[in-house]
Amino acid sequence: MSYQQQQTVPAGSAVPLWAPYYGAPIGEAARRFFKKYATFTGRASRSEYWWWTLIAAVVSIVLNIIMSVAGSAGATVSDSGTMVPGPGAIVGVILLVIWGLAVIVPSLALVVRRLHDANFSGWMILIGLVPFLGGLALLIFMFLPPKPEGQRFDVPA
């Protein structure tokens, strides 16, 4: 039996918020993401992390489509031949900025908790500042399975 399969949830009860939820469904992963808005302690399972990554990607794509469509209405071409987006693009940019500001702190907290689940220090998030290779290393860390030693980061409430 692997470490990941040891967690069993009795019917009618929920996984405590301080514990990682292995095999979390998409809705529960999104709820836990916002409930743990700025919680940098504890751990997050791979399913919590990847479901949120999917949600964030879909929302970002939709907002970019809105920005493109709104910006194409009333778009003009300047004298130098460059495309000038229409006034509707500002709405899309504002929505993207609001979305980015709303999820930056909880996203960083989720990455730190995911690193904890793989038994890495949360400070390893700073490796993402290394151009290209840092982001690649963080991506690989997000794929790593949970390790029992990561329980040292848990703070039962």
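As the structure is a computational prediction, the values presented were derived from the model and not from experiment. (Residues numbered from 1 in each chain as written. Predicted model: local features only at pLDDT ≥ 70, side-chain atom pairs only at ≥ 80, totals over all residues. Heavy atoms only, no water.)

Student: Explanation requested: the overall build of the protein chain in the structure shown.
Tutor: Each helix and strand in the protein chain was counted, giving four helices and two strands. A compact globule built from 157 residues should have a C-alpha radius of gyration of about 15 Å, whereas the protein chain, at 20 Å, is more than 25% larger. A principal-axis box enclosing the C-alpha atoms of the protein chain has dimensions of 65 × 40 × 25 Å. Considering the protein chain as a whole, with its 157 residues, one finds that 34% of them fall into the buried category. In the protein chain, once contacts between residues fewer than 6 apart in sequence are set aside, the share between residues at least 24 apart is 65%. Carbon and sulfur atoms make up 74% of the accessible area of the protein chain, which totals about 9,200 Å². Distance between charge centroids for the protein chain: 7 Å, based on 10 positive and 6 negative side chains. (Helix = DSSP H or I, 4+ residues; strand = E, 2+ residues; numbered from the N terminus. Rg over C-alpha atoms; globule rule 2.2 N^0.38 Å. Buried < 20%, exposed > 50% of the residue type's maximum accessible area, 1.4 Å probe, protein only. Contact = heavy atoms within 4.5 Å. Areas by Shrake-Rupley, 256 points an atom, 1.4 Å probe, with all protein chains shown as cover. Lys, Arg positive; Asp, Glu negative; His and termini not counted. Charge placed at Lys NZ, Arg CZ, Asp CG, Glu CD.)

Student: Looking at this structure, I do not really get the packing of helix α1 (residues 26-35) against helix α2 (residues 46-72). What am I missing?
Tutor: A pair of packed helices is captured by two measures, namely the crossing angle of their axes and the spacing between those axes. At a closest axis distance of 9 Å, the pairing of α1 and α2 adopts a crossing angle of 90°. One way to sum up the angle between α1 and α2 is to call them roughly perpendicular. Counting all contacts with α1, which are made through Ile26, Ala29, Ala30, Arg32, Phe33 and Phe34, the residues of α2 involved are Ser47, Glu48, Trp51, Trp52, Leu54 and Ile55. Residues of the contact of α1 with α2, tallied by class, amount to nine nonpolar, one polar and two charged. (Axes fitted to C-alpha atoms, helices over the stretch in contact; angles between N-to-C directions. Parallel < 35°, antiparallel > 145°, perpendicular 65-115°, else oblique. Nonpolar A, V, L, I, M, F, W, Y, C, P; charged D, E, K, R; others polar.)

Student: Looking at this model, I keep getting lost on α1. Mind explaining?
Tutor: Helical periodicity: at 3.6 residues per turn, an α-helix aligns residues three or four positions apart in one direction. Along α1, the residues that are buried comprise Glu28, Ala29, Ala30, Arg32 and Phe33. Among the structural elements, α2 and α3 (89-117) are those in contact with the buried residues of α1.

Student: Explain the layout of surface pockets here, please?
Tutor: Where empty space is left in the structure can be found by rolling a water-sized probe over the atoms. Taken as a whole, the largest pocket encloses approximately 170 Å³ of empty space. Residue lining of the largest pocket: Tyr49, Trp52, Thr53, Ala56, Ile104, Ser107, Leu108, Leu110 and Val111, and that is the complete set. At the level of elements, α2 and α3 are the ones that each hand at least two residues to the lining of the largest pocket. Among the elements that take part in the lining of the largest pocket, α3 stands out by supplying five residues, more than any other. (1 Å grid on protein atoms, 1.4 Å probe; cavity = no way out; pocket = protein on both sides within 12 Å on 5 of 7 lines; lining within 4 Å. Points joined across faces, edges and corners; volume = space filled by probe spheres on them.)

Student: Sorry, what's going on with unusual backbone geometry here?
Tutor: Of all residues except glycine, most have a negative phi; of all peptide bonds, most are trans. For asparagine 119, which is not a glycine, the phi torsion comes out positive at approximately 65°. A relative accessible area of 21% places asparagine 119 in the partly exposed class. Located in the positive-phi region is phenylalanine 132, a residue other than glycine, with phi close to 60°. Among the secondary structure elements, phenylalanine 132 is positioned in the loop between α3 and α4 (133-143).

Student: I keep staring at the environment of valine 69 and nothing clicks. Help me out?
Tutor: Position of valine 69 among the secondary structure elements: in helix α2. For valine 69, a relative accessible area of 55% puts it in the exposed group.

Student: What should I look at first to understand the packing of α2 against α4 in this one?
Tutor: At a minimum axis separation of 9 Å, α2 and α4 run at an interaxial angle of 130°. Put simply, α2 runs oblique to α4. In this structure, α2 uses Arg46, Tyr49 and Trp50 to contact α4, whose residues at the interface are Leu139, Met142 and Phe143.

Student: Just to check I follow, could you spell out the side chain of histidine 116 for this structure?
Tutor: With respect to the secondary-structure elements, histidine 116 resides in helix α3. A distance of 3.5 Å separates a polar atom in the side chain of histidine 116 from the backbone nitrogen of glycine 122. Beyond its immediate stretch of four places on either side in the chain, histidine 116 contacts Phe40, Thr41, Gly42, Arg43, Ser121, Gly122, Gly150 and Phe153. (Polar contact = N/O pair within 3.5 Å; in protein donor to acceptor, adjacent residues only side chain to side chain.)

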